[in-house]
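Here's the letter readout for the chains.
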Amino acid sequence: MTELTIAMPKGRIFEEAYEMLLEAGFNLPEEVEMSRKLMIEIPEEKISFILAKPMDVPVYVEHGVADIGIAGKDVLLEQRRTVHELLDLKISECYIASAGLPNTTMSEIAPRIATKYPNIALKYYKGIGEQVEIIELNGSIELAPMIGLADRIVDIVSTGRTLKENGLVEYEHIAEVSSRLIANPVSYRMKSDRIQDLVTRLKKCVK
Amino acid sequence: MSSIKMFEKPLGMRDTFPDIYEKLELIRSTGRQLLHTRGYEFIKTPSVEYYDTVGKASAISDARLFKLVDSQGNTLVLRPDMTTPIARVATSKLLKEKIPQRLAYFANVFRAQQREGGRPAEFDQMGIELIGDNSVFADAEVIMTAIDLVKGFNITDFKVTIGHAGVLSRILKDYTESEEQALHLNDLLVQRNFVGFEEAVLAFDLPKTKSDALLAYIEEAIRLPSIEAIEKYVRKNDALEYMRSLAKILDAAGYDEYIAFDFTLSSHMSYYTGMLFEVFASGSGFPLGNGGRYDGLLQQFGSQVGATGFGLRVDRVFEAMPKIEIVTDSVLVLFASERFSEALQTVKLLREQGKQVTFQSYEGIENIEALKAHYKIVNEFKSREA
C-alpha cells in the first residue's frame, strides 16, 4: 500500500471530517490529541495528516506535498488552484452572500465592497455588471459598513447571527459552500487505487 | 517606490548555477541523443515572435504572455510555447520541402505569473512535433517516444493517461440538450471539478435517462476503464475506433503497462482535435508534460495537414528523476610567474587526457588555501626562490 498524505484544516472541520473517516471504516485512533502537533501519522493505515490553516489546504495539495485534502468551496473559488475536486462531503455547509446596512443602496460612484474574498467578490459584481472597488480585510468584515468603510461586504454566512447582531442585512446570495475532498492531479493518477477507494468509502458516509 | 536591489530578478525568473547547469546539460544531451536516433531533427526558433501570429494562435492565455512593442508599434511576445512557432515554420517553409516532418526542440519558453514560488516564468521544454502524418501510427509514435524519453531519464514510476477530444465531445453532445450545456460540462472537466459536473448535470433538468447516463459515465470513466467499458455510452464513433487501434498498436509494442485511458481528459487548448495525453510521475507534484494531435493549430496557419507531438518540462523532469551525481576529476594547476611555460606543458598534457584543468597564477589570488579546497587534485609550480 502506498503512503497517503492528507491535508486537513484545523478546528471544527477536522473533527467532522475525522468522524467521517472513522465511519468509512478507516482504522484510526478514536481520539486524536489536537495539541500543537502539525503532523499526525497513522502507520496502520499508512496515512499521515497535515494540519493546516483552511486557506492553505489547497496550496499543499496543488504543490503535491499532500496527495489529497479537505477544503472549503469558498477557498477553492477564491484561489482557483489546479486541483481535482472529487467529492462534496456536505459538512460545514454555509454560503457566500453580500450584506450591508438595511435599506441602503450602493453609492453611485465606485461603490466599495469589503471582503476576505476579493476574487469571488470581483467576479460576482463583474457578472452582474456592477463596477465596484474591492477593499480586502482579514476579519471582522461586519465592521466595514457600520463605520462607513464600504457599502457592502461579501462574506460567508452560516446562521446569519453575526450579521444580525451587527445590524446588517443580507442582500444577495452568491454561492453555496461546503467542504470538498480535493486531490493533486499527479497523486490522483499515481495513487489512483488508494484515492478511488477513499472516495468510494467516503461517498457512502455523505449525508 | 522602493528601488530595485542589485540581487533582484523579475518575478518567476531563476538563475542556473554551475552545478545545476551541468545536470541540465546531461538531461539535454540524453534527450537529444534519444530523439536524434529516431530521426527527429532539432530546430531553433526566435525567442520573440509577433503577437498576431504566434501569440494569438498559442494555447497559453493572453494574461500569461510577456508582451513587448517593436519600433514599428507591432506587439511582440516572448514565445510561450514551442508548438506554435514550429507550426508557423513548418507551414510556411518546411512542409514544402519534405513531408512528414519530424522536428524536435529543447528551448526555454516564457509564461508570466504573479502568484508565488514553485512556478518559474521561464523554463526549458523538450519535445517533438510530427507534422504531416494523419495516421494512428504517428500518434502511437509520439506516445512511445514520450515514454522512452521519460524512461531515458531513469524515471521508473510514471503514467501516461490518454484521452480523445472527439469521444468526450460526442458523449457530452449526445447526453445534453444544448451546445452551452455541453461546453459548460467540458469546462468543468478541464478544471477536473467532478463535484461541479454532478451538480451541473442535475441542475440542467435533463431527461432522466440522459442525466443518469452522464453521471454513470463520469463515475466509470474516472476509474480509467478499458475502452470496451465505455463503449456502451457512445454510438458508433470513428474516434472510439481510432482509440481502439491506438491501444492495439501500443499493446503490440509493449507499452501497455505505462498507459491508461481517461475519456474525461479534456484540454483548455481548443486546437487539440483528437487524441491527447498527459504524463505524470511521482516525485513532481505537477504533470511532467502533455501532448496530443493538434490539426486545428495548423489550420489556423492555413494548412490542412495533420500534426501531433508532445512537450516535457525539463524542470519537472529534474524533480522526478533520480539524483544526478556528476563526478569530475577537477585539477588545479598553480604556477609562479617564472615557471609559466613549464606549468603550461603539464596543463596541456592533463587536458589531452580529458581532465578538467584550471590554470591559475599565484599572482592573481590572495587566499591560496581557500581556492585549493575546491579541487580534488592540486599541482603546484612554486617559485624556486621561496
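Remember, it's a predicted structure, so these values are computed and weren't measured experimentally. (Residues numbered from 1 in each chain as written. Chains lettered and ligands numbered in written order. Predicted model: local features only at pLDDT ≥ 70, side-chain atom pairs only at ≥ 80, totals over all residues.)

A word on the overall build of chain A
What counts, and what does not: Counting from the N terminus, the helices are DSSP H or I runs at least four residues long and the strands are E runs at least two residues long. Here the contact rule is simple: place C-beta atoms from the backbone, and any two residues whose C-beta atoms are within 7 Å are in contact.
Across its full length, chain A holds eight helices and eleven strands. Projected onto the principal axes, the alpha-carbon positions of chain A cover approximately 60 × 30 × 30 Å. Taking all contacts inside chain A whose residues are at least 6 apart in sequence as the whole, residues at least 24 apart take part in 67%.

Considerations on the UniProt feature "domain: ATP phosphoribosyltransferase catalytic" (unreviewed entry) in chain A
Stated precisely, the cut-off is as follows: UniProt positions are given in the numbering used here, feature names are shortened, and annotations may be inferred rather than shown by experiment.
Per the UniProt record, "domain: ATP phosphoribosyltransferase catalytic" (unreviewed entry) is annotated on residues 53-203 of chain A. Taken as a whole, residues 53-203 of chain A contains 33% helix and 30% strand, while its terminal C-alpha atoms sit 25 Å from one another.

Side note on the domain arrangement of chain B
Where we set the bar: Residue ranges assigned to the domains are those given by an automatic or database domain assignment.
Under the domain assignment used here, chain B contains domain 1 (18-320) and domain 2 (330-381). The C-alpha-based centres of domain 1 of chain B and domain 2 of chain B are spaced at 51 Å.

With respect to the sheet that holds strand β11 (residues 179-183) of chain A
For clarity, the threshold we go by: DSSP-based pairing: two strands are paired if at least 2 bridges between them are found. Simply put, an axis is a line fit to the C-alpha atoms, just over the touching stretch for a helix, and the angle between two N-to-C directions goes from 0 to 180 degrees.
Read from one edge of the open sheet, six strands run β2-β3-β1-β4-β11-β5 (chain A), paired in mixed fashion. Sheet topology places β2 (39-42) and β5 (84-88) of chain A at the edges, where each strand pairs with a single neighbour. Sheet twist, expressed as the mean angle between neighbouring strand axes with direction ignored, is 25°. Pairing between strand β1 (residues 4-9) of chain A and strand β3 (residues 47-52) of chain A: six bridges, direction parallel. Paired with Pro9(A) across the strands is Ala52(A), a residue of β3(A). Contacts between helix α7 (residues 194-203) of chain B and the sheet are confined to β5 and β11 of chain A, with β5(A) contributing the most and set at about 60° to the helix.

Looking at the packing of helix α4 (residues 136-152) of chain B against helix α10 (residues 238-252) of chain B
For any two helices packed against each other, the geometry is given by the interaxial angle and the distance between the axes. Residue and element names in this part refer to chain B. Quick reminder of the rule: Should an angle lie under 35 degrees it is considered roughly parallel, over 145 roughly antiparallel, and from 65 to 115 roughly perpendicular; all remaining angles are considered oblique. Left-handed is the label given to a crossing in which the near helix is rotated counterclockwise from the far helix by less than a right angle, and right-handed is the label when the rotation is clockwise. We call Asp, Glu, Lys and Arg charged. Ala, Val, Leu, Ile, Met, Phe, Trp, Tyr, Cys and Pro are nonpolar, and the rest, Gly among them, are polar.
Packing of α4 against α10 brings their axes to within 10 Å, and their N-to-C directions diverge by 50°. With respect to each other, α4 and α10 are oriented oblique. Here α4 runs over α10; the crossing is right-handed. Residues Val136, Phe137, Asp139, Ala140 and Ile143 of α4 form the contact with α10, whose own contacting residues are Tyr242, Ser245, Leu246, Ile249 and Leu250. Class assignment for the residues of the contact of α4 with α10 results in eight nonpolar, one polar and one charged.

Points about the packing of helix α6 (residues 179-190) of chain B against α7(B)
Residue and element names in this part refer to chain B. At a minimum axis separation of 8 Å, α6 and α7 run at an interaxial angle of 165°. Overall, the two elements α6 and α7 adopt an arrangement that is roughly antiparallel. Here α6 and α7 pass one another in a crossing that is left-handed. Contact residues: α6 offers His184, Leu185, Leu188 and Leu189, while α7 offers Gly196, Phe197 and Ala200. Considered class by class, the residues forming the contact of α6 with α7 number five nonpolar, two polar and no charged.

Regarding the interface of chain A and chain B
Facing the 16 residues of chain A at the interface are 17 residues of chain B. Of all elements in the fold, only β5, α7 (185-190) and α8 (192-203) of chain A reach the threshold of two or more residues within the side of chain A that touches chain B. With five residues, β5(A) is the single largest residue contributor to the side of chain A that touches chain B. In terms of residue class, the side of chain A that touches chain B is built from six nonpolar, six polar and four charged.

A look at helix α13 (residues 340-352) of chain B
We apply this condition: To estimate the expected span of a helix, subtract one from its residue number and multiply by 1.5 Å.
For α13(B), spanning 13 residues, the distance from its first C-alpha to its last is 18 Å, which sits close to the expected 18 Å at 1.5 Å a residue. Downstream of α13(B) by one or two residues, Gly354(B) has phi in the positive range, about 90°.

Looking at the nonpolar core
This is how it is decided: The term nonpolar core refers to a set of buried Ala, Val, Leu, Ile, Met, Phe, Trp, Tyr and Cys residues connected through C-beta atoms within 7 Å. Here exposure depends only on C-beta density: within 10 Å of a residue's C-beta, 20 or more other C-beta atoms make it buried, 12 or fewer make it exposed, and intermediate numbers make it partly exposed, the C-beta atoms being placed from the backbone.
Judged by nonpolar contacts, the single largest core of 119 residues is most densely connected at Val61(A), Ile143(B), Ala146(B), Val150(B) and Val279(B). No other element matches α4(B), which puts ten residues into this core. Look past the residues within four positions of Val61(A) in its chain and what remains in contact with it is Ala7(A), Ala66(A), Ile68(A), Gly69(A), Val83(A), Ile182(A), Ala183(A) and Asn184(A).

Some words on the domain arrangement of chain A
For interface size, the figure often reported is the accessible area lost on association. Residue and element names in this part refer to chain A. Per the domain assignment, the segments of chain A are domain 1 (4-92 + 178-203) and domain 2 (94-176). Each of domain 1 and domain 2 has a C-alpha centre, and the two are 30 Å apart. Its residues assigned to classes, the side of domain 1 that touches domain 2 comprises one nonpolar, two polar and two charged.

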